[in-house]
Amino acid sequence: MMKNTQIVLVFFLLTTLGFSQDRTIKNADNKYNDLSYMDAVDVYTKVAEKGHGTQEIYQRLGNSYYFNGDYVNASKWYSKLLEEGNTSDIDSEYYYRYSQTLKTVNNLKESNRYFELFSKQKPSDPRSSLFANAKNYLEELKKVSNRYSIEDANVNTEFSDYGGAFYDGSLVFTSSRKNSGLSKRIHSWTDQSFSKLYRSTINSSGGLEKVELLDKSLDTKFNEATAVFTNDGKGPGHKTVD
């Protein structure tokens, strides 16, 4: 009788844990579908690290990082997908994305191999044609590499900084860096602050100096996208995105 009771208890516990994990994954799925990628990542990662990863979870982990420009982590999970997933069920787009992330981790040989696999499955895709015509693009770049020198601008952060435009002696750019303003809203897609427009004065030697908000009147509760300026210099135009 005691043995039967123990078996029932173990079965009950396993069933409860199974339902709990299903609800957890369902919650992550909802966040992913709502484009709250980094919230979904937290849950998917815990499930995968406990040994319960699936092909769909690996895809979504890779995508979440890929859509946020974190190609190192995207490469990690796409690798897991292609190692453990059923290749007959994996869309060729994942070969392309994995190929792109491999360039970030400086594995160019594997990057080209997966791009070849993508091209074989999608020969009419414009990306396949570009690849076929520029397989040795790195060699071509090396031929002109001494024409330019690259220096640290000393204004970048670990957050997203992009979309530079020149205006009134300054470099104007978009950034999701932390600021001293009252708003502390975090975007669930990126797990970073909502982006704003900043300006950095260009000094006489071409370097960049103090960074400040471009204009508080342009600071909304949404993401500010790349700025453009009219020819007469009277004002900026930019797009605000949710």
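Residues numbered from 1 in each chain as written. Predicted model: local features only at pLDDT ≥ 70, side-chain atom pairs only at ≥ 80, totals over all residues. Heavy atoms only, no water.

1. Let's talk about the pattern of salt bridges
Here is step 1 of the chain: The final tally for this structure, using the stated rule, is 9 salt bridges.
Here is step 2 of the chain: Notably, a salt bridge pairs Asp125 with Arg127, separated by 3.0 Å at the nearest N-O pair.
Here is step 3 of the chain: With a relative accessible area of 15%, Asp125 lands in the buried category.
Here is step 4 of the chain: Between Asp161 and Arg177 there is a salt bridge; the shortest N-O distance is 3.1 Å. Here the residue Asp161 occupies a position in strand E1 (residues 161–167), and Arg177 occupies one in the loop between strand E2 (170–175) and strand E3 (186–187), the gap between them amounting to 16 residues.
Here is step 5 of the chain: We classify Arg177 as buried; its relative accessible area is 9%.
Here is step 6 of the chain: One network of salt bridges, with partners in common, ties together Glu93, Arg97, Asp125 and Arg127. (Salt bridge = Lys/Arg side-chain N within 4 Å of Asp/Glu carboxyl O. Buried < 20%, exposed > 50% of the residue type's maximum accessible area, 1.4 Å probe, protein only. Helix = DSSP H or I, 4+ residues; strand = E, 2+ residues; numbered from the N terminus.)

2. Let's talk about the packing of aromatic side chains
Here is step 1 of the chain: Summed over the entire model, instances satisfying the criterion amount to 15 aromatic pairs.
Here is step 2 of the chain: Over the ring of Tyr96 we find Arg127, and its NZ or CZ is 4.2 Å from the ring centre. (Phe/Tyr/Trp six-rings, centres within 6.5 Å; stacked < 30°, edge-to-face > 60°. Lys NZ or Arg CZ within 6 Å of the ring centre and 35° of its normal.)

By themselves these figures say nothing about function.
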